[in-house]
Amino acid sequence: MSVNRSVDEQVSLLLRGCEAVYTEKDLRKRLEHCRDTGRPMRVKLGMDPTAPDIHLGHSVVLRKMRQFQDLGHKGVLIIGDYTARIGDPTGKTKTRPTLDEETIRRNAETYFQQAGHVLDTRPEKLEIRYNSEWLSKLTFADVLRLTSHMTVQQMLQRENFKLRLKDEIAIVMTELMYPLMQAYDSVAIDADVELGGTDQTFNNLCGRDLMEKHGKPPQLVVIMPILRGLDGVEKMSKSLGNYVGLTDTPKDMFGRTMSIADDLMKEWYTLLTTTPAEEIAVLTDPGRTHPRDAKVRLAKEIVSTYYDRATADREEQLWQKVMVEGGLRDDIPLAVVDRAECEADGTIWIPKLLKLAGLASSTSDGRRLIEGGGVLINQERVADAKAKISPADGMLIQVGKRKAARLKFS
């Protein structure tokens, strides 16, 4: 247990950035009990491995678990290999497709590796459990007893179910079971605390109720806000392309952070860094700190978290060189292109070359980039989207200020 922080200090740290806590009074009591008994709390976070990659949005709740770990408590990461077969209906307007076991296993393995960038993964600090351990052993009679703890009226208070009923969109019975299954995870592992985003509030509170009905102390519920992505509007999501991945390169991590709107900085500083609140107030006040300087500090904090300070310093220097001074990075990647892609006369259509070099998603994207005036070859702007060139090793291709490659033919 933490011996260097008072209960007041611990409460202040754990409440930072939280959307809601059920309840703050209970949190204080539990922390006092832990101090008096030396017994750490078991802090649960459940994740269904429905996708292989995690990003800064996922890190918000992982960082909160790490704070509990650093205060002496034990994280319990629940890999929802059983619940993933149903899929959480949260935020969904239609039934989610089920996943096969191999996909679930592969995603879970990748998720754990990436979560290790945030969590303390030592066995004494983190327990990894799969909810198939207990859910697969329930008999049909057990399931019926479980359903008796929740009414249909309670279940239909869930906002997305209300909307689907209103719009006459089907709700499959297995979806109604999902909150109960997640709640039973808390019963099975004797959770003291459950962490979740705002979209998990209903499920987490079900766990609190179900534990009480099983004669166990109800878990605390700590709800974190959903991080807005690069667009400043939608939640961070890989499918929306507005994300920064935990395994992104330092270049992408720094550059994408520098692209966010100024009004996102307070949210990102609070949820993604340990910068004190009083410093954040200064950094996000344009009257006291230039927004570009505040954003550079933020980008460096994020890169330092997942790499190191030296790497963050280097990315700042390279960003300055490219974006402010108009120069080129000194680590421009090679783009290897098969010479067989050229035509008989040795030329290649430039939009095709952009696609092959990984600088455009398609030839039509390449045409659009050229027509927008954003493509340079050997520092000369390309004006004709129909043009062909005779490529050579070492040729420099730039797309905008951030993308560049030197050609290497195989």
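Procedures and definitions
Residues numbered from 1 in each chain as written. Predicted model: local features only at pLDDT ≥ 70, side-chain atom pairs only at ≥ 80, totals over all residues. Heavy atoms only, no water. Helix = DSSP H or I, 4+ residues; strand = E, 2+ residues; numbered from the N terminus. Buried < 20%, exposed > 50% of the residue type's maximum accessible area, 1.4 Å probe, protein only. Contact = heavy atoms within 4.5 Å. Areas by Shrake-Rupley, 256 points an atom, 1.4 Å probe, with all protein chains shown as cover. Lys, Arg positive; Asp, Glu negative; His and termini not counted. Charge placed at Lys NZ, Arg CZ, Asp CG, Glu CD. Phe/Tyr/Trp six-rings, centres within 6.5 Å; stacked < 30°, edge-to-face > 60°. Pairing = 2+ DSSP bridges. Salt bridge = Lys/Arg side-chain N within 4 Å of Asp/Glu carboxyl O. Polar contact = N/O pair within 3.5 Å; in protein donor to acceptor, adjacent residues only side chain to side chain. Axes fitted to C-alpha atoms, helices over the stretch in contact; angles between N-to-C directions. Parallel < 35°, antiparallel > 145°, perpendicular 65-115°, else oblique. Left-handed = near helix turned anticlockwise from the far one by under 90°. Nonpolar A, V, L, I, M, F, W, Y, C, P; charged D, E, K, R; others polar. Core = buried A, V, L, I, M, F, W, Y, C linked by side-chain atoms within 4.5 Å. Expected span 1.5 Å × (residues − 1). Arc of directions from axis to C-beta.

### Quick word on the overall build of the protein
Link 1 in the chain: For the protein, the helix and strand inventory stands at 17 helices and 13 strands.
Link 2 in the chain: Seen through its C-alpha atoms, the protein measures out along the principal axes to roughly 80 × 50 × 40 Å.
Link 3 in the chain: Going through the 410 residues of the protein one by one, you find that 47% of them count as buried.
Link 4 in the chain: Partitioning the intrachain contacts of the protein with sequence separation of at least 6 by distance along the chain shows that 69% fall at a separation of at least 24.
Link 5 in the chain: About 20,200 Å² of surface is accessible on the protein, with carbon and sulfur atoms providing 51% of the total.
Link 6 in the chain: Put simply, the protein has 60 plus and 60 minus side-chain charges, and the middle of one group is 0 Å from the middle of the other.

### Section: the packing of aromatic side chains
Link 1 in the chain: For the structure shown, the criterion picks out one aromatic pair.
Link 2 in the chain: Centroid distance Phe254 to Trp319: 6.4 Å. Interplanar angle 55°. Geometry classified as tilted. Taken as a pair, Phe254 in helix 11 (residues 250-258) and Trp319 in helix 15 (residues 309-324) lie far apart in primary sequence, 65 residues in all.
Link 3 in the chain: Exposure remark for Phe254: the relative accessible area of 1% places this residue in the buried category.
Link 4 in the chain: Classification of Trp319 as buried rests on a relative accessible area of 14%.

### Some remarks on the sheet that holds strand 10 (residues 380-381)
For sheets, the rule is that strands pair by backbone hydrogen bonds, running either parallel or antiparallel.
Link 1 in the chain: Spatially, five strands are ordered 7-13-12-9-10 in an open sheet, and the strand pairing comes out mixed. At either margin of the open sheet sits one strand with a lone partner, and together these are strand 7 (334-337) and strand 10.
Link 2 in the chain: The pairing of strand 7 with strand 13 (residues 403-409) spans four bridges and is parallel. Considered in strand 13, the bridge of Leu334 is made with Arg406.

### Notes on the pattern of salt bridges
Link 1 in the chain: Tallying each qualifying case throughout the model produces 27 salt bridges.
Link 2 in the chain: Close ionic contact of Arg42 with Glu127 constitutes a salt bridge, the shortest N to O distance being 3.0 Å. Of this pair, Arg42 sits in strand 2 (residues 42-47) while Glu127 sits in strand 4 (residues 126-130); the two residues are 85 residues apart in sequence, bridging distant segments of the chain. For the pair shown, Arg42 and Glu127 are each scored as buried.
Link 3 in the chain: The salt bridge partner of Lys295 is Asp262, with a shortest N-O separation of 2.8 Å. Note that Lys295 is positioned in helix 14 (residues 291-306) and Asp262 in the loop between helix 11 and helix 12 (265-272), a separation of 33 residues in sequence.

### Digging into the side chain of Asn242
Link 1 in the chain: Within the element layout of this structure, Asn242 appears in the loop between strand 6 (220-224) and helix 11.
Link 2 in the chain: Given the relative accessible area of 3%, Asn242 is considered buried.
Link 3 in the chain: At a separation of 3.3 Å, a polar atom in the side chain of Asn242 contacts the side chain of Asp231.
Link 4 in the chain: Not counting chain neighbours up to four residues away, the residues in contact with Asn242 comprise Gly229, Leu230, Asp231, Glu234, Lys235, Met236 and Ser237.

### Re the packing of helix 11 against helix 14
Link 1 in the chain: Across the interface, helix 11 lies against helix 14 with an axial gap of 9 Å and an inter-helix angle of 150°. On the basis of the axis angle, helix 11 is roughly antiparallel to helix 14. Along this stretch, helix 11 crosses helix 14, giving a crossing that reads as right-handed. Contacts between helix 11 and helix 14 involve Pro250, Met253, Phe254, Thr257 and Met258 from the first element and Arg292, Lys295, Val296, Leu298, Ala299, Lys300, Ile302, Val303 and Tyr306 from the second.
Link 2 in the chain: Within the contact of helix 11 with helix 14, the residues separate by chemical class into ten nonpolar, one polar and three charged.

### As for the nonpolar core
Link 1 in the chain: In terms of nonpolar packing, the biggest core is built from 60 residues, with Leu56, Leu195 and Trp268 touching the most fellow members.
Link 2 in the chain: Counting 23 residues, the second largest nonpolar core, distinct from the first, contains Ala335, Leu369, Val382 and Phe409.

### Structural notes on the environment of Asp209
Link 1 in the chain: The topology assignment puts Asp209 in helix 10 (residues 201-213).
Link 2 in the chain: Residue classification places Asp209 among the partly exposed positions, given a relative accessible area of 37%.
Link 3 in the chain: Separated by ten residues in sequence, Asp209 and Gln219 place their C-alpha atoms 8.6 Å apart.

### A few points about helix 15
Link 1 in the chain: End to end, helix 15 covers 21 Å across 16 residues, agreeing with the expected 22 Å (1.5 Å per residue, within 8%).
Link 2 in the chain: Every buried residue belonging to helix 15 is among Ala312, Glu315, Leu318, Trp319 and Val322, and all of these are buried. Here the buried residues of helix 15 occupy an arc of 125° about the axis, which is enough to place them on one side. Turned more than 90 degrees from where helix 15 packs its buried face, Ala310 and Gln317 sit exposed.
Link 3 in the chain: On the buried face of helix 15, the contacting elements are helix 11 and helix 14.
Link 4 in the chain: Where helix 15 begins, one side-chain oxygen reaches toward the backbone nitrogen of Ala310, 3.2 Å away; that side chain belongs to Asp308.

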